[in-house]
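If you want the building blocks of each chain, they are given just below.
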Amino acid sequence: MLILRILGGVVLLLVVLALGYIVYATNVINPRVERELIENPQGERAGRVMLLTLPSGRRIPVNYDQEGGMVFAGADGPWWKEMVGDGGRVSVLIRGEALHGHGRAIEDDPDYTKRVFAKLRPNAVKGFGTLIEIKIDEASR
């Protein structure tokens, strides 16, 4: 009985820590990174992190890889669900340049996701995360 109480306490503590981290990242880390991307578009972080505006209007900093008219991002949180199915209109701020396009979550092509993630996030846990593909509008380029 004591072991079950201890395990329950440990699980509760882990849940509280995880939720606390999410709140901290959303309210402290993300706004700080967002400011840095806007104020220092040629900085080191801006070379690997973009500011993504989701279809809902929410803005988040995420790692990216740009190849011509395509931009890729990896999603670990639930925000990617805004782009399931046909996806939606998004905008990105990459090194101070605002671009607009259509983003969608790639849920049905694990080989494609694996190839893109090999370059985008080579050190991430394999098979974890959702690939976001953004086709930049010609007029934005």
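Here is a short report on the structure shown in this document.

What counts, and at which threshold
Residues numbered from 1 in each chain as written. Predicted model: local features only at pLDDT ≥ 70, side-chain atom pairs only at ≥ 80, totals over all residues. Heavy atoms only, no water. Helix = DSSP H or I, 4+ residues; strand = E, 2+ residues; numbered from the N terminus. Contact = heavy atoms within 4.5 Å. Pairing = 2+ DSSP bridges. Axes fitted to C-alpha atoms, helices over the stretch in contact; angles between N-to-C directions. Core = buried A, V, L, I, M, F, W, Y, C linked by side-chain atoms within 4.5 Å. Buried < 20%, exposed > 50% of the residue type's maximum accessible area, 1.4 Å probe, protein only. Patch = residues over 30% accessible without salt bridge, like charges linked within 9 Å, V, L, I, M, F, W, Y side chains within 5 Å. Areas by Shrake-Rupley, 256 points an atom, 1.4 Å probe, with all protein chains shown as cover. Salt bridge = Lys/Arg side-chain N within 4 Å of Asp/Glu carboxyl O. Lys, Arg positive; Asp, Glu negative; His and termini not counted. Charge placed at Lys NZ, Arg CZ, Asp CG, Glu CD. Phe/Tyr/Trp six-rings, centres within 6.5 Å; stacked < 30°, edge-to-face > 60°. Lys NZ or Arg CZ within 6 Å of the ring centre and 35° of its normal.

Time to look at the environment of Pro61. Mapping Pro61 onto the fold places it in strand β2 (residues 59–67). Considering only alpha carbons, one finds Pro61 and Val33, 28 residues apart in sequence, at a separation of 6.8 Å. In contact with Pro61, other than residues within four places in its own chain, are Asn30, Val33, Leu37, Val49, Met50 and Leu51.

Another aspect to go through is the sheet that holds strand β3 (residues 70–75). Strand-to-strand pairing in sheets goes through backbone hydrogen bonds, with the strands running parallel or antiparallel. With respect to topology, six strands assemble into a closed barrel ordered β1-β2-β3-β6-β5-β4, the strand pairing being antiparallel. Strand after strand, the sheet turns through a mean of 45 degrees between neighbouring axes, direction not considered. The pairing of β3 with strand β6 (residues 130–136) spans six bridges and is classified as antiparallel. Counted as the bridge partner of Gly74 is Leu131 from β6.

Our focus in this paragraph is the nonpolar core. Counting 20 residues, the largest nonpolar core has Met50, Leu52, Trp79, Val92, Ile132 and Ile134 as the members making the most contacts within it. Within the residue set of this core, elements represented by two or more residues are β1 (49–53), β2, β3, β4 (88–94), β5 (97–106) and β6. Setting aside residues up to four positions removed in sequence, Ile134 forms contacts with Met50, Leu52, Gly69, Met70, Val71, Val90, Val92, His102 and Gly103. Grouped together as the second largest cluster of nonpolar side chains are eight residues, Phe72, Ile106, Val116 and Leu120 included.

A grouping of Glu107, Asp108, Asp109 and Asp111 is seen on the molecular surface, where their side chains present a negatively charged patch. Here Asp109 shows up in the loop between β5 and α2 (110–120).

With that out of the way, let us pick up the environment of Leu120. Among the structural elements, Leu120 can be located in helix α2. Put simply, Leu120 and Gln66 are 54 residues apart on the chain and 9.3 Å apart in space, counted from C-alpha to C-alpha. Sequence-distant contacts of Leu120, defined by excluding residues within four places in its chain, comprise Asn63, Tyr64, Asp65, Phe72, Ala73 and Gly74.

Within the structure shown, the criterion is met by one aromatic pair. Ring plane angle 75 degrees and centroid distance 6.3 Å describe the contact between Phe72 and Tyr112, whose orientation is recorded as edge-to-face. Here the residue Phe72 occupies a position in strand β3, and Tyr112 occupies one in helix α2, the gap between them amounting to 40 residues. Arg121 extends its terminal NZ or CZ atom over the ring of Phe117, reaching a point 4.8 Å from the ring centre.

Geometry only, nothing functional implied.
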